Amino acid sequence: MARRTVTQKERTLRTVSPVVAGVLSLIPGLGQIVIGVWERGLIFLGSMASLVGLIIWRVSVIAYRQATWAERIPVAFRRQPLLYVLVIAIIGLWALIILDAVNTARRKKTRETLAYIIIGLVFFLLGWQIVEIDMVKLFTELPDAFPIITKIAWPWPSAFVRDEEIYQGMELLYTDCEDKVIPDPLPVIDGQPYLEVSPRCGVLSGYEVEGTMLTVEGHGFRPGQEVVMWWADPVGKEFRVRYGGEFITVTPDANGDFSAAFPMPNLLIPPSAGEGPHEHKLLARQTTSVGGLKPSEGLLLAIEKMVETIFLGMMATLFGIVFAIPVSFLAAHNLMAGSPLTLAIYYITRFVLNIIRSIEPIIWAIVATLWVGLGPFAGVIALLVHSIAALGKLYSEAIESIDPGPIEAVHATGANWIQTIVYAVVPQVIPPFVSFTIYRWDINVRMSTIIGAVGGGGIGFLLMQWIRLTDYRSAGIAVWFIAITVAILDFVSAKIRERYV
Amino acid sequence: MLIVENLTKIYPDGTKALDNVSFTVEDGEFLIVIGLSGSGKSTLLRCINRLVDPTAGRIVWNGKDVTAAAGQELRLIRREIGMIFQHFNLVRRLSVEKNVLTGRLGYTKPSLALFGRFPPETRDLARQAMARVGIAELAQKRADELSGGQQQRVGIARALMQEPNMILADEPVSALDPVLAHNILQHLERLNQEGMTILCSLHYLDLVQRYASRVIGLREGRVVYRGTREEIRRMTDEEFQNIYGEEAVRIETGRSISGG
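Residues numbered from 1 in each chain as written. Chains lettered and ligands numbered in written order. Predicted model: local features only at pLDDT ≥ 70, side-chain atom pairs only at ≥ 80, totals over all residues. Heavy atoms only, no water.

S.K.: Looking at this structure, how should I read a negative patch on the surface?
M.R.: Residue and element names in this part refer to chain B. On the surface, a cluster of negative charge is made up of E230, E231, D237, E238 and E239. Breaking the negative patch down by element, the ones donating at least two residues are α9 (229–233) and α10 (237–244). With three residues, the top contributor of residues to the negative patch is α10. Positionally, D237 belongs in helix α10. (Patch = residues over 30% accessible without salt bridge, like charges linked within 9 Å, V, L, I, M, F, W, Y side chains within 5 Å. Areas by Shrake-Rupley, 256 points an atom, 1.4 Å probe, with all protein chains shown as cover. Salt bridge = Lys/Arg side-chain N within 4 Å of Asp/Glu carboxyl O. Lys, Arg positive; Asp, Glu negative; His and termini not counted. Charge placed at Lys NZ, Arg CZ, Asp CG, Glu CD. Helix = DSSP H or I, 4+ residues; strand = E, 2+ residues; numbered from the N terminus.)

As structure tokens, then:
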């Protein structure tokens, strides 16, 4: 094979002195083009030009702070030693191309394959650099990512929850209260836990400044059960108190007493809160789960949105069928080749379908949300538009691949055009139509999880929200539901297609 | 009576499939068209019911000008002319009965047929047609479950539904083995004996000699042979080679295979 190609090319070769060919190929490939192996010359020229261009671009990206090339180049090469390899490879390639030109001129065996391999390798290395592949990161960052991945991979502990009963003691504390009268401690009620805190007036922690140290004594708590310290700020927002990065927990002794010491926490009092004193609450809580397991809010929401997603996909598919069928007849060459007018309609339909199809549903979703606002209706529109184009093309190809024999036969019986369609075309296209439609529904449900991310409704919307709120367990539930639904749909659609084809 | 005058067909790609072909078919004839693949046999048959539009020439069928007909007029002519095909051209996924019923579409009210419904008398007619070619018990089978010979009989039953005066058969037995070939041609022969005009293209000379009442030979779109049944039985090697050219040797082999 290779030898035959060489002999074919030798016939058209121009005689050029090897020295001239080599000098010409200082501009890579020019020598080869002059000799007459212009395809190879153009490939060399194109590859070298784009490789050099890409390297210059990478240098300017890596050393973007430097103003001049004299400053940029050393910085870039220091940051990315891979560039040395690339430059050496390109110089080697250049030499190979010159050698190739010389050898071609001398009608000797050339090493063009080696040159092609090097070109391929250099593009691969550049690709590695451009997409910032970092294998080290993959391992060094794993410990941080692992807890999150675990939560997403196994979210079920938070899918079911129990009601909680809170047993708590409370005291009111004040800030901005110097030289001011503060209310008395809360009265002790018999049989209720209570706190004794001193001082009750202090200063909050700030940036690298520890606030007033509080000494807390608790009485009347349930012995042996863990107590967690909560803080409620003047607007009532509750959070667990940390000291040295750890939540503060204590365990009461057999009498139900405990003592703890920690500084006032770090929080912002907005200027709108006005003059002090500002009232805070310190809460010591013992939490007990009571009653049976019940589905969590996240689980219920996920189910609700999953149902919405499935119907979103279904509605988009159903409307898609309705619009795609007539369109597909217009886009079928065998039905439209009859006259120049119908042929023109065919080409226009094809062109429009291709344009629509090449725009991703997520883009259509953005357009649709601008049009009808956030929510599943926008999702339906986005998927519908894409479905019409995709189904229209698939259907029309099914129509094009039908057996023309029955059409001829039905035509020959004296049937009219519409009868021919009903008796010769429709029975032939039903199996592929069913198959493509179910496949499309499958795609639409999968897609609706994505378009939700831009406001198209469905579970994708919820998923993106949970990820942004770093509620990875709930996000995990959504991911699981998507996976399960898609798997079931996949299975069902495969079964139905099996039956119809 | 079918009159074909100076029929010429040139396809858009420049192929001259038919070149000034003229002949007449009397009612009740069994006319067989012979010739190599590509000699214009299929095009000739398809011009007669206008599945292919001729470039020039005239076709007159029972006094009606087929070449000038259009729309409803053309459909009415078509339904008087049945057609069967080399590859049967059945709708493979439909039942035998449905396939046979499609033969009646030219008579059926379009609105009714749209939903796959046919009047009871049409269904009776279909049962009779299927019984005539011996496939009554296959009525509910899917067409693609049938053997080649059975499928071609469905094709004949479909043509019979048109209650035609003439049947065009485009190489009806090329896809079948010799025994089935005889079986199908005997069905056509029986119809011919009942008065039906048959126009059939064939490859195998011995089948031609057995069934034809008259023969025309086509070569490169021109009529190069005309003969009666007696004449074709006495056909000389020269005449044979005139039709089939250098391929003659191969046809001889085919002749001996299908001789059984």
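S.K.: How do you make sense of unusual backbone geometry when you look at a structure like this?
M.R.: Residues and elements named next belong to chain A. Here S198 and P199 are connected by a cis peptide whose omega angle stands at -10°. Secondary-structure assignment places P199 in the loop between β2 (194–198) and β3 (201–202). Within the chain, R107 stands out as a residue other than glycine whose phi angle is a positive 60°. Residue placement: R107 occurs in the loop between α6 (82–105) and α7 (112–130). Its identity as a non-glycine residue notwithstanding, D176 has a phi of 55°, on the positive side. Along the polypeptide, D176 turns up in the loop between β1 (160–175) and β2.

S.K.: Looking at this structure, how should I read the confidence of the model for chain A?
M.R.: Low pLDDT means the predicted atomic positions in that stretch should not be read closely. Summary statistics for chain A give a mean pLDDT of 87 and a share of 97% for residues scoring 70 or more. Residue range residues 1–10 of chain A is modelled with pLDDT below 50. Its contacts to residues more than four positions away, or to other chains, number two contacts. (pLDDT = per-residue confidence, 0-100. Contact = heavy atoms within 4.5 Å.)

S.K.: Sorry if this is basic, but what is going on with the interface of chain B and chain A here?
M.R.: Interface size, as often reported, equals the accessible area lost upon joining of the parts. Taken residue by residue, the interface counts 27 residues in chain B and 21 residues in chain A. Between chain B and chain A, roughly 2,000 Å² of surface is buried when both sides are summed, and carbon and sulfur atoms account for 63% of that area. Summed over the shared surface of chain B and chain A, the result is one salt bridge. Between E408 of chain A and R46 of chain B there is a salt bridge, and its shortest N-O distance comes to 2.2 Å. The interface formed by chain B and chain A holds five residue pairs in polar contact (both at pLDDT 80 or more) in total. Top element by residues in the side of chain B that touches chain A is helix α2 (residues 71–79) of chain B. It accounts for three residues. Partitioned by chemical class, the residues of the side of chain B that touches chain A number 12 nonpolar, eight polar and seven charged. (Buried area = accessible area lost by both parts, 1.4 Å probe. Polar contact = N/O pair within 3.5 Å; in protein donor to acceptor, adjacent residues only side chain to side chain. Nonpolar A, V, L, I, M, F, W, Y, C, P; charged D, E, K, R; others polar.)

S.K.: Looking at this structure, I do not really get the nonpolar core. What am I missing?
M.R.: A general feature of soluble globular proteins is that nonpolar side chains tend to end up buried together. Counting residues in hydrophobic clusters, the biggest one holds 68 residues, and the most contacted among them are I32, I34, V100 and L188 of chain B. If one sorts the elements of this core by residue count, helix α16 (residues 417–451) of chain A sits on top with six residues. Sequence-distant contacts of I32 of chain B, defined by excluding residues within four places in its chain, comprise C200, L202, V208, Y211, A212, R214, V215 and I216 of chain B. (Core = buried A, V, L, I, M, F, W, Y, C linked by side-chain atoms within 4.5 Å. Buried < 20%, exposed > 50% of the residue type's maximum accessible area, 1.4 Å probe, protein only.)

S.K.: Looking at this structure, I do not really get the environment of S213 of chain B. What am I missing?
M.R.: Following the sequence through the fold, S213 of chain B ends up in the loop between α8 (205–211) and β9 (214–219). Between the alpha carbons of S213 of chain B and I232 of chain B there is a distance of 9.5 Å; along the sequence they are 19 residues apart.

S.K.: Whenever I open this one, the state of the cysteines confuses me. Can you help?
M.R.: Residues and elements named next belong to chain B. Within the structure shown, the criterion is met by one disulfide over all chains. With no disulfide of its own, C47 lies 17 Å from the sulfur of C200, the closest cysteine sulfur. Looking at C47, the relative accessible area reads 0%, which means it is buried. (Disulfide = S-S within 2.5 Å.)

S.K.: How should the packing of aromatic side chains be read in this particular structure?
M.R.: The relation between two aromatic rings is expressed through the spacing of the ring centres and the mutual angle of the planes. Here the structure, examined in full by the defined rule, presents 10 aromatic pairs over all chains. Summarising the aromatic geometry, the rings of Y423 of chain A and F118 of chain B are spaced 5.8 Å apart at their centres and angled 55° between planes, so their arrangement reads as tilted. Placement of Y423 of chain A in helix α16 and of F118 of chain B in the loop between α4 (110–113) and α5 (120–132) is noted, with the two residues assigned to different chains. Taken individually, Y423 of chain A and F118 of chain B each receive the classification buried, so the pair is uniform in this respect. Aromatic ring contacts, followed pair by pair, group W154, W156, W480 and F481 of chain A into a single cluster. Geometry around Y107 of chain B places R79 of chain B over its ring, the cationic atom sitting 3.9 Å from the centre. Above the plane of the ring of Y107 of chain B lies R104 of chain B, whose end atom (NZ or CZ) is 3.8 Å from the centre. (Phe/Tyr/Trp six-rings, centres within 6.5 Å; stacked < 30°, edge-to-face > 60°. Lys NZ or Arg CZ within 6 Å of the ring centre and 35° of its normal.)

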